[in-house]
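So you can see what is in the structure, the chains are spelled out below.
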Amino acid sequence: MDNLNDNAAASPVSEPRKQKKKKVLLMGKSGSGKSSMRSIIFSNYVAKDTRRLGATIDVDLSSVKFLGNLTLNLWDCGGQDAFMENYLSQQRQHVFSNVGVLIYVFDIESRDLERDLHTYRSIIAALGQYSPNSSVYILVHKMDLVVPSQREDIYNERVAVIREKSDDFVPVPFATSIWDQSLYKAWAEIIHDLVPNLDQIEQHLGDLGKLIMAEEVLLFERSSFLVVSSWCSEIGALNPTSDRFERFSNIIKNFKQTTSRYTGTPKSAEQFALMELKLINFSLFVIKFTTNTYLAVILPPGEERFNLAMENCYIARKNFEDLDSPARKSADRGATSASTEA
Amino acid sequence: MPESLLETGRRRTKLDRSYNGPPRQGPVRHISPAQLNLERIHEQNRANVQRVDPAKALAPAPGAAARGKPRLLLMGQRRSGKSSISSVVFHKMPPNETLFLESTARIQKDSMHSFMDFQVWDFPGQVDFMDPSFDLDAIFGEIGALIWVIDAQDEYVEAINRLNSTILNLQSSGYSAINIEVFIHKVDGLSDDYKLDIQRDVTQRIQDELSDHGFENAPINFHLTSIYNHSIFEAFSKVIQKLIPHLPYLEALLNNCCQKSGFEKAYLFDVLSKIYIATDSSPVDMPSYEICSDYIDVIVDVSEIYGWNRPAEYISFLEGAPWNKKLEDQVACKDAESCIVLTDGRRPIILREVNKYLALVAVVREGAYSKMPDIIENVNVTVGGLLEIFEITRRPKTRA
């Protein structure tokens, strides 16, 4: 975070207002699926609802509260050529200054790759000029439209071409589709990189996990149900399902749609306080943890173990509350967690 | 050990949840071996009937695999949605993929192995089975129910005429005991008023026609259905319930449990098809059915992720000090149990596995979480009762 602030000061523009929030730019060709993915991740849409979305006109600004002290200042930029030209000319400084993250969406089905790459290059050039320290993520989207056997080859080939055009930036690529959990994987990692005190959270989570002898501990963000942080034991790491976080997010999110229909409360509202599952081969609970998070714990079977672990998690809750408290200002982020113990 | 669906979660092997069943071709298909099934009950009933009145004996169906299982016949005009219904309900095909189903050219026989074994016969719409060249007994003998599918978004007069002639034919050929279920299908997208109008119209036309032929009070039931929501599952639940001879006892047990534990609604689900085979006597409301059936999905899906086989040395570590107990003895209940507490009104929803195929799912009254231990105890007793009923209904066969 610090070096990003430096960068804002070093950029050619002098910001008149005091410290502005870093932007997250969401860009890509028109119709590539930017607004669809934004709605799914942050507005609790299901994939088929996105058919209702129209074209984004100009820039759609939204700030997404995340983990209390992290607000994403999300700029969903309409991708039609006229807008693109506008961003690159009149609004160049306005759009590309003070950018923390650029998420660029490529449509795998695109007919005119040359043109896409050309636009991408211009965007990268503008970004290099105003926010040279920002990070770049590439989402190769609509992967579901490609025959499964060819997915990997086509994806690798596409990523190699894009990498060449990225100047000094080192883009992190993802293959995504709104129809499966790959979208969650990409966004969870992007968010993961943005959370400032993540290593502390992760460390505490690990301590907690060891203490209660869990197989796996996951920390979810409340509204998007993305995995913010996770810890797994040596045994938990042997789990053959490698995309389990994304699938878990997806399952819970789908169920939230049902509960919201049942209770008549809005989808964004908190839907459940506790879920427990005891089976002969494992047990699991998901509890409302801090204001902005849910905690999922996967344990070996056993009633006593289960109850003890749950009790311990409720005790640990207070300490985690400090790590994620909306009251704390970004200034003393580093100091807040020093006093906490798991 | 963990063989039930709830524990292993192996239902869909494809990650994107798309249709992964075998191609819909060929004759009878086996899904898994069954323990508790209606085959025995049916055989037993058949034997009883035979003893009382040898003339009325139901003939076993032809073919080894088809013998002794109650049969659901899906009939109706072509393109009314019969194959879509059986694919969605019995093969977990996503509804929007049924668009690509081809027209059924010959009778599709599917065998379901679940809490009870039954067969689903999907008939081609264009063939008239009342033609004397068909062996009526092979089709209608030993039938559980005849499901007649009517496309509500199409001209249905012709369909009703055919249904009427089928019913009259069945009456005259001595199959009058068959339950006739009319699915007024594809009602998604129609307004509620319009749906009821259609239902009234269809009912009227059928009853009038039948009473003109001197056949009053035909045993016909009507259901409004669509594959795009849970209504089709509900309709099937009602159809299947009629085939369960010990249903009143199951219902009585559930009623008792609901009353004592403060449940708003309890369902006994078949986990695989998500058809409920019994429920308590309070009226069924769609939302509670939906949430209960989706909750089963959550558990099956989560189990699929975390229900992998742990290494043996880890298990022995868990069974060692300080516990010094077998894992089976460490758990409070050997079957799957789960509950989720909704924020709204702190309303718990509980799920308890009954046996390999069945699960009890209930919506509990608001704020009852603090009474959870009592509730769990009540549920345990109820599940014990349910299992006993199944055991009793199974036993005579082994003696015979």
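Residues numbered from 1 in each chain as written. Chains lettered and ligands numbered in written order. Predicted model: local features only at pLDDT ≥ 70, side-chain atom pairs only at ≥ 80, totals over all residues. Heavy atoms only, no water.

Concerning the domain arrangement of chain B
All names here are of chain B. For chain B, the assigned domains read domain 1 (71-243) and domain 2 (247-393). The gap between the C-alpha centroids of domain 1 and domain 2 is 33 Å. Counting from both sides, the interface comprises 16 residues of domain 1 and, opposite them, 18 residues of domain 2. Each partner contributes to the roughly 1,500 Å² buried at the junction of domain 1 and domain 2, and carbon and sulfur atoms together form 66% of this total. (Domains from an automatic or database assignment. Contact = heavy atoms within 4.5 Å. Buried area = accessible area lost by both parts, 1.4 Å probe.)

Some words on the sheet that holds strand β9 (residues 272-278) of chain A
The strand order β8(A)-β7(A)-β11(A)-β10(A)-β9(A)-β9(B)-β10(B)-β11(B)-β7(B)-β8(B) describes an open sheet built from 10 strands, whose pairing is antiparallel. On the outer flanks of this sheet lie β8 (227-232) of chain A together with β8 (275-279) of chain B, each paired with one strand and no other. Between one strand axis and the next, the sheet turns by 15 degrees as a mean value, whatever way the strands run. For β9(A) and strand β10 (residues 283-288) of chain A, the ladder comprises 5 bridges, and the chain directions are antiparallel. If you follow L277(A) over to β10(A), its bridge partner there is L284(A). (Pairing = 2+ DSSP bridges. Helix = DSSP H or I, 4+ residues; strand = E, 2+ residues; numbered from the N terminus. Axes fitted to C-alpha atoms, helices over the stretch in contact; angles between N-to-C directions.)

Quick notes on the packing of aromatic side chains
One pass over the structure, following the stated rule, counts 24 aromatic pairs over all chains. On the basis of an interplanar angle of 55 degrees and a centroid distance of 5.1 Å, the ring pair of F289(A) and F320(A) is categorised as tilted. You can see F289(A) sitting in the loop between β10 and β11 (293-299) and its partner F320(A) sitting in helix α10 (residues 303-323), a full 31 residues away along the chain. The same class applies to F289(A) and to F320(A), which are both buried. Judged by centre distance (5.6 Å) and plane angle (90 degrees), the ring pair of F183(B) and F236(B) falls under edge-to-face. Of this pair, F183(B) sits in strand β5 (residues 179-185) while F236(B) sits in helix α7 (residues 231-241), placing them 53 residues apart in sequence. Judged by its relative accessible area of 0%, F183(B) falls in the buried class. Overall, F236(B) belongs to the buried group, its relative accessible area being 0%. In this structure, R71(B) packs its charged tip against the face of W121(B), placed 4.2 Å from the ring centre. Positioned over the ring face of Y267(B) is K265(B), at 5.5 Å from the centre of the ring. (Phe/Tyr/Trp six-rings, centres within 6.5 Å; stacked < 30°, edge-to-face > 60°. Buried < 20%, exposed > 50% of the residue type's maximum accessible area, 1.4 Å probe, protein only. Lys NZ or Arg CZ within 6 Å of the ring centre and 35° of its normal.)

Things to note about the side chain of T98(B)
Inspection of the secondary structure assignment puts T98(B) in the loop between α3 (82-91) and β2 (108-113). Assessed through its relative accessible area of 8%, T98(B) is described here as buried.

Concerning empty space enclosed by the protein
Using the criterion set out here, one finds 6 cavities of 30 Å³ or more in the structure. The computed volume of the largest cavity comes to approximately 120 Å³. Taken together, E276(A), K278(A), E337(B), S338(B), C339(B), I350(B), L351(B), R352(B), M372(B), I376(B), V379(B) and N380(B) form the lining of the largest cavity. At the level of secondary structure, the elements contributing two or more residues to the lining of the largest cavity comprise β9 of chain A together with β9 (337-342), β10 (347-353) and α12 (372-399) of chain B. A total of 4 residues in the lining of the largest cavity trace back to one element, the largest contributor, which is α12(B). Classifying every residue of the lining of the largest cavity by side-chain character gives 6 nonpolar, 2 polar and 4 charged. (1 Å grid on protein atoms, 1.4 Å probe; cavity = no way out; pocket = protein on both sides within 12 Å on 5 of 7 lines; lining within 4 Å. Points joined across faces, edges and corners; volume = space filled by probe spheres on them. Nonpolar A, V, L, I, M, F, W, Y, C, P; charged D, E, K, R; others polar.)

Some points on the pairing of strand β7 (residues 263-270) of chain B
Residues and elements named next belong to chain B. Across the 8 residues that make up β7, a large majority, 7, are buried. Examined bridge by bridge, β7 and strand β11 (residues 358-364) share 7 bridges and lie antiparallel to one another. Of the residues in β11, the one forming a bridge with Y267 is V361. Looking at chain direction, β7 and β8 are connected through 4 bridges and run antiparallel. If you follow Y267 over to β8, its bridge partner there is T279. Hairpin connection between β7 and β8: a loop of 4 residues separates the two successive antiparallel strands, and K274 in this loop has a positive phi of roughly 60 degrees.

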